[in-house]
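Notes for the structure review
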Amino acid sequence: MKSTLASYFEKTYGRPAEAFAQAPGRIEFIGNHTDYNGGLTMGVAIDKIVMAALARRDDKKLCFASIKTGEKVLVDMDDLQKRDREHNWVNYPLGVFKYLLEAGMTADCGFDMLDMSSVPPGAGLSSSAAIELSSGYAMASLYGFDIDRKSLVRIGRQSENLFVGMPCGILDQGVSGYGKADSLVYIDCLTEDFSNFPLPHKCRFWLFNSTKKHALVDGLYAERHAECMEAARVLSEGGKMRLLRHFTMSDLDAAKEKLSQKVYNRARHVIEENARVLKAKELLERGDIAGVGRLLNASHESSKTLFENSCEELDYLVDTVSGVEGVYGARLTGGGFGGAVMAFTDDTFSQTQANEVAQIYEKKFGKKPMIFACASGDGAKTV
Ligand code: GLA
């Protein structure tokens, strides 16, 4: 990919790129909506990446070009404002640059930038985190910033929260930053500790994208975020504000009367999901993959009934794929409200079986899901 991107860069800007970096998309393995609650979560970096190429300019402008359309967007370095709808693809690298500068990095000139991606957009694989991390690494390399992995991961999230305006946690950027082939990334979102531990041999990930996207998905994500914070606020009453991570089911049950049924259910999902993540880690270490599969399905059931971020299409995909030979378990992955289902399978699960699932889905909903077979891959790095 690097040589193709290098030649596109020369064609676009009339000179060679000076810095290259890549970062992967991710699959959320288990730990749904736990991250911004200071909870536990696990993901896998995949073998599909975004690569960014940069070269210095001799003025104070930043130029972002689209490989697809050839369009160029020019931004003044002294005016790093969020772009409007039409150019919102620029906001991901732009936000990263802004927060790198705010973190004390200095850039004496602007840059030209071009990205290339094998992460399918809108498939639930977090192409946005892959853009943020590849941009951050490429910028650090171009200017010689002295910055570590954790700071780049945090800046990716900060950019998404404060610049793009999505109140996500650190899962996507953390997995894209800390991924490792044949490994899971385990994240304690409270302490922001990232660790890798081995995936069982011969397992695979299949992603079935329902192609349904709830029109209000961003608003619904923010609504769930607010409901969780509301539960945490009530549970923290009388002490300092703590996140849901700090509470147990008995704390929640003791406060039940102060919470609406809806807010109670959201908090219950998060508290029990944290416990499922811990259990999944333990079972993986013991080699009980069937047990892990059951936890994945339990996670989905909780999303469906308590957190209410599933939908008919995702439920149907989970039910259909879970019954197929070679599948350990399946669940919705990522924010929900449409989007994708992940199936965790052994290495006998085949494209033919995946196509059969797709056909059954198409019969019911009149549209084909997108299917992606993913292997694990490495995290962000300069190349
Ligand atoms: C999205 C967000 C993540 C996380 C998941 C749900 O992918 O970007 O931070 O909250 O949803 O677990």
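Here's a quick rundown of the structure.

What counts as what
Residues numbered from 1 in each chain as written. Predicted model: local features only at pLDDT ≥ 70, side-chain atom pairs only at ≥ 80, totals over all residues. Heavy atoms only, no water. Buried < 20%, exposed > 50% of the residue type's maximum accessible area, 1.4 Å probe, protein only. Helix = DSSP H or I, 4+ residues; strand = E, 2+ residues; numbered from the N terminus. Contact = heavy atoms within 4.5 Å. Phe/Tyr/Trp six-rings, centres within 6.5 Å; stacked < 30°, edge-to-face > 60°. Lys NZ or Arg CZ within 6 Å of the ring centre and 35° of its normal. Expected span 1.5 Å × (residues − 1). Arc of directions from axis to C-beta. Near = heavy atom within 4 Å. Polar contact = N/O pair within 3.5 Å; in protein donor to acceptor, adjacent residues only side chain to side chain. Nonpolar A, V, L, I, M, F, W, Y, C, P; charged D, E, K, R; others polar. Pairing = 2+ DSSP bridges. Axes fitted to C-alpha atoms, helices over the stretch in contact; angles between N-to-C directions.

Regarding helix α5 (residues 171-178)
Counted residue by residue, α5 has 8 buried out of 8 residues, so it is predominantly covered. Along α5, the residues that are buried comprise L171, D172, Q173, G174, V175, S176, G177 and Y178. The secondary structure elements touched by the buried residues of α5 are β1 (19-30), β2 (40-56), α3 (127-143), α4 (149-164), β6 (183-188) and β7 (193-198).

Examining the packing of aromatic side chains
Overall, the coordinates contain 15 aromatic pairs when judged by the stated rule. Grouped by ring-pair contacts, the aromatic residues F64, F97, F111, Y143 and F145 constitute a single cluster. One Lys or Arg, K98, reaches over the ring of Y99 and ends 5.9 Å from the middle of that ring. Stacked on the ring of F307, the Lys or Arg R224 has its end atom at 6.0 Å from the ring centre.

Quick notes on helix α1 (residues 2-13)
Note that an α-helix has 3.6 residues per turn; residues three or four places apart therefore point the same way. When the terminal C-alpha atoms of α1 are compared, their 16 Å separation across 12 residues agrees well with the 16 Å that a helix rising 1.5 Å per residue should span. Where α1 is concerned, the buried positions are L5, F9 and Y13. All buried residues of α1 lie within an arc of 45 degrees about the axis, which places them on one face of the element. For α1, the exposed residues lying more than 90 degrees away from the buried face are S3 and K11. Buried-residue contacts for α1 involve β1, β2, β3 (61-65), β4 (72-76) and β5 (111-117). In the segment just after α1, G14 is the residue with positive phi, at about 70 degrees.

Notes on the site of the ligand
In the vicinity of the ligand, 14 residues are found, and the nearest of them are E28, H33, D35, D172 and Y221. In the model, an oxygen atom of the ligand is placed 2.7 Å from a nitrogen or oxygen of the H33 main chain. G335 places a polar main-chain atom, nitrogen or oxygen, 3.2 Å from an oxygen atom of the ligand. Of the residues assigned to the shell around the ligand, the class counts are 4 nonpolar, 6 polar and 4 charged.

Remarks on unusual backbone geometry
Here S126, not a glycine, exhibits a phi torsion of approximately 55 degrees, which is positive. Mapped onto the secondary structure, S126 falls in the loop between β5 and α3. Judged by relative accessible area, S126 falls into the buried class, the value being 11%. One non-glycine residue, K202, adopts positive backbone phi at about 60 degrees.

Quick look at the sheet that holds strand β8 (residues 203-213)
The 4 strands are arranged β9-β10-β8-β11 in an open sheet whose pairing can be described as antiparallel. Whereas interior strands pair on both sides, the edge strands pair on one side only; in this sheet they are β9 (327-333) and β11 (370-374). For this sheet, the mean angle separating the axes of adjacent strands, direction not counted, is 20 degrees. Alignment of β8 against strand β10 (residues 338-346), held across 8 bridges, turns out to be antiparallel. Opposite K213, over in β10, you have G338 as the bridge partner. Packing against the sheet, helix α10 (residues 312-322) makes contact with β8, β9 and β10, and its axis sits at approximately 170 degrees to β9.

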